[in-house]
Amino acid sequence: MKTSRTNPDYRPYNGHPNWQLWNVSMWIANDYGLYKHAVELLSNNSLKGAADELYELLKGQSTPDGATYSKVAIRYALRDL
């Protein structure tokens, strides 16, 4: 079982629950194309709906730093936009 004690990926990072959520949030908020698309999705959908649509677009991809665009990470990122 992965826990914050056995896996550093699950430890808090820069005020976020973990590195992956922080990294995905940073890329969505700071990549202009992703940010613009995310804001548009949020203006036309609920948070869950916007996250689901963005996940379908990014499924199987990672940030340039290697964080996976998971549904959880995307939903976490969108709630602060």
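If you're wondering where the values come from, they're calculated on a predicted model, not measured in any experiment. (Residues numbered from 1 in each chain as written. Predicted model: local features only at pLDDT ≥ 70, side-chain atom pairs only at ≥ 80, totals over all residues. Heavy atoms only, no water.)

A. Local environment of the overall build of the protein. The helix and strand inventory of the protein stands at 4 helices and 0 strands. Moving toward the C terminus, one meets the helices and strands of the protein in the order α-α-α-α. Looking at the 81 residues of the protein, the share that counts as buried comes to 31%. Residue pairs in contact within the protein that sit at least 24 positions apart in sequence constitute 52% of those at least 6 positions apart. Surface accessibility of the protein: about 5200 Å² in total, with carbon and sulfur atoms responsible for 51%. (Helix = DSSP H or I, 4+ residues; strand = E, 2+ residues; numbered from the N terminus. Buried < 20%, exposed > 50% of the residue type's maximum accessible area, 1.4 Å probe, protein only. Contact = heavy atoms within 4.5 Å. Areas by Shrake-Rupley, 256 points an atom, 1.4 Å probe, with all protein chains shown as cover.)

B. Just the nonpolar core, in detail. Judged by nonpolar contacts, the single largest core of 18 residues is most densely connected at Val 24, Ile 28, Leu 54, Tyr 69, Ile 74 and Leu 78. If we ignore the near neighbours within four places in the chain, the residues touching Leu 78 are Ile 28, Ala 38, Leu 42, Leu 47, Ala 50, Ala 51 and Leu 54. (Core = buried A, V, L, I, M, F, W, Y, C linked by side-chain atoms within 4.5 Å.)

C. Representation of the pattern of salt bridges. Per the counting criterion, the structure on display carries 2 salt bridges. For Lys 48, the salt bridge identified is with Asp 52, shortest N-O distance 2.8 Å. Residue Lys 48 and its partner Asp 52 are located together in helix 3 (residues 47–58), separated by 4 residues, close to a single helical turn. Accessibility expressed as a relative area gives 21% for Asp 52, which makes it partly exposed. (Salt bridge = Lys/Arg side-chain N within 4 Å of Asp/Glu carboxyl O.)

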